[in-house]
Amino acid sequence: MSVYTPVPQSSLASWLEQFELGPLLSFRGIAGGIENTNYFVTTTAGEFVLTLFEHHAADEVEQFVALANHLGMANRRHPQLSLPVPAPVSNRDGQWLFCLEHKPAILCPRLAGEHVELPTASHTCQAAAALAQLHLAAADLKVQRPNARGLDWWITMAGTLTAALDDSDMALLRDEIEQQRLIHSDWLALPHGWIHGDLFHDNVLFENTAAGPKLGAILDLYNACQDAWIFDLAIVANDWCCDVDGHWDETLLTALLDGYQSVRPFTMSEQNLWPMALRAAALRFWLSRILTRQLQAAQLTSADGQMAISKDPNEYRNKLCHRRQSAIRQITPTGGQPDATR
């Protein structure tokens, strides 16, 4: 959620006139994340988050919002769910998708809670349970969006990186892609559906209550797509439950697996492919961070004082190496379910 596209105050104030939100009081860029431009916006009606999409076309944004609206309706049908997701604000004409500074843009209410820098077992367990609820709640959404950053994209990216990576990294990349290719038919047979695709700990907000932390919001559905559900959980594990080199915090990993399986137990095939899912998740973010850094080098500048944050691709190369070298215990704290439950 870095600021790549500057928005002048006068332009934002004029743009906001189409809403019933009152005049602009203040706004500021949001640091963190890597893909879209985000601002906190305060008007006399309250606080909002403005998102400008740097890499997504308007029709893709419509798909993300379809998912958010679907999850919102699931919450209303099933009050026991805990899926607070932001939905865009409409203008006076009922329009919610806009063009601002030549980019697709939406404005959403700012949801309650704060980012947690160092998640505890309670944070991790709640996030994992909410992720399982998201998977199940989105299962009947008819909108189709295959994962654009899966195996085919990994292969394409590898073909562009010969000059960017040294020989050892290139060998690692090619070997891992080959190992993933060999199990791809098994991967396709896993339980699939809509996934968040980017549930890093800075995409979840928590409220502090007398009873302890409470999940307040799930943010950034802009990488949501359809893929294996355990791939989504592996993305979470690689961010929430280990250090930057990939060494596990067993307490957090147990909380993650128990939290998820309290809602949806794993199938036997998921148990078997969990180590490869962890590797796939590390590979995906190694490559996407390389791509983001290349795009920033070619197109973006922070000379105007705006924030342009690039996360280190080598963090996920290191995590991939650790996943390849270290055994991971079986994910069976609640027992596996037969694959026929898909």
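Calculation criteria
Residues numbered from 1 in each chain as written. Predicted model: local features only at pLDDT ≥ 70, side-chain atom pairs only at ≥ 80, totals over all residues. Heavy atoms only, no water. UniProt positions renumbered as here; feature names shortened; annotations may be inferred. Helix = DSSP H or I, 4+ residues; strand = E, 2+ residues; numbered from the N terminus. Contact = heavy atoms within 4.5 Å. Phe/Tyr/Trp six-rings, centres within 6.5 Å; stacked < 30°, edge-to-face > 60°. Buried < 20%, exposed > 50% of the residue type's maximum accessible area, 1.4 Å probe, protein only. Lys NZ or Arg CZ within 6 Å of the ring centre and 35° of its normal. Pairing = 2+ DSSP bridges. Axes fitted to C-alpha atoms, helices over the stretch in contact; angles between N-to-C directions. Parallel < 35°, antiparallel > 145°, perpendicular 65-115°, else oblique. Left-handed = near helix turned anticlockwise from the far one by under 90°. Nonpolar A, V, L, I, M, F, W, Y, C, P; charged D, E, K, R; others polar. Expected span 1.5 Å × (residues − 1). Polar contact = N/O pair within 3.5 Å; in protein donor to acceptor, adjacent residues only side chain to side chain.

An unreviewed UniProt entry lists the protein under the name Homoserine kinase, with Oceanobacter antarcticus given as the organism. Within the UniProt record for the protein, the comment given under Pathway (unreviewed entry) is "Amino-acid biosynthesis; L-threonine biosynthesis; L-threonine from L-aspartate: step 4/5."

## Comments concerning the environment of Leu221
Structurally, Leu221 is set in the loop between β8 (212-218) and β9 (225-228). Remark: the alpha-carbon pair of Leu221 and Ala68, spanning 153 residues in sequence, is separated by 7.6 Å. Apart from residues no more than four positions distant in its own chain, Leu221 is found in contact with Phe64, Leu67, Ala68, Val85, Leu134 and His196.

## Some points on the packing of aromatic side chains
Overall, the coordinates contain 14 aromatic pairs when judged by the stated rule. Consider the rings of Trp187 and Phe231, whose centres lie 5.7 Å apart with planes at 75°: the pair is edge-to-face. With Trp187 in helix α6 (residues 184-188) and Phe231 in helix α7 (residues 229-240), this residue pair connects regions lying 44 residues apart in the sequence. Of the two residues, Trp187 and Phe231, neither departs from the other in class, the shared state being buried. Among the aromatic residues, those joined into a cluster by ring pairs are Trp15, Phe19 and Phe98. Sitting over the face of the ring of Phe285, Arg284 holds its NZ or CZ atom 4.1 Å from the ring centroid. Geometry around Trp248 places Arg323 over its ring, the cationic atom sitting 3.8 Å from the centre.

## Observations concerning the pairing of strand β5 (residues 103-109)
With five of seven residues buried, β5 is to be regarded as a mostly interior element. As judged from the five bridges shared by strand β3 (residues 46-52) and β5, these two strands associate in the antiparallel manner. Note that in β5 the partner of Phe48 across the bridge is Pro109. As paired elements, strand β4 (residues 98-100) and β5 share three bridges and run antiparallel to each other. Residue pairing across strands places Leu100 opposite Lys103, the latter belonging to β5. Here β4 folds back onto β5, and the loop between the two strands holds two residues, one of which, Glu101, carries a positive phi near 55°.

## What to know about the packing of helix α3 (residues 121-137) against helix α8 (residues 250-261)
It is the contact of α3 with α8, at a shortest axis distance of 7 Å, that shows an interaxial angle of 30°. Considered as vectors, α3 and α8 are oriented roughly parallel to each other. For the pair α3 and α8, the sense of crossing is right-handed. For the pair α3 and α8, contact is made by Ala121, Thr124, Cys125, Ala128, Ala129, Leu131, Ala132 and His135 and by Thr251, Leu252, Ala255, Leu256, Gly259 and Tyr260, respectively. Taken together, the residues of the contact of α3 with α8 break down into 10 nonpolar, four polar and no charged.

## So, α8
Taking 1.5 Å of rise per residue, the 12 residues of α8 would be expected to cover 16 Å, and the 16 Å separating its terminal C-alpha atoms lies within 8% of that figure. Along α8, the positions that sit buried rather than exposed are Leu252, Leu253, Ala255, Leu256, Leu257, Gly259, Tyr260 and Gln261. Measuring from the side-chain oxygen of the N-cap residue of α8 to the backbone nitrogen of Thr251 gives 3.1 Å; that N-cap residue is Asp249.

## Here's the deal with unusual backbone geometry
With a phi close to 65°, His102 is a non-glycine residue in the positive phi region. With respect to the helices and strands, the residue His102 is situated in the loop between β4 and β5. Positive phi outside glycine occurs at Asp220, with the angle close to 60°. In this structure, Asp220 sits in the loop between β8 and β9.

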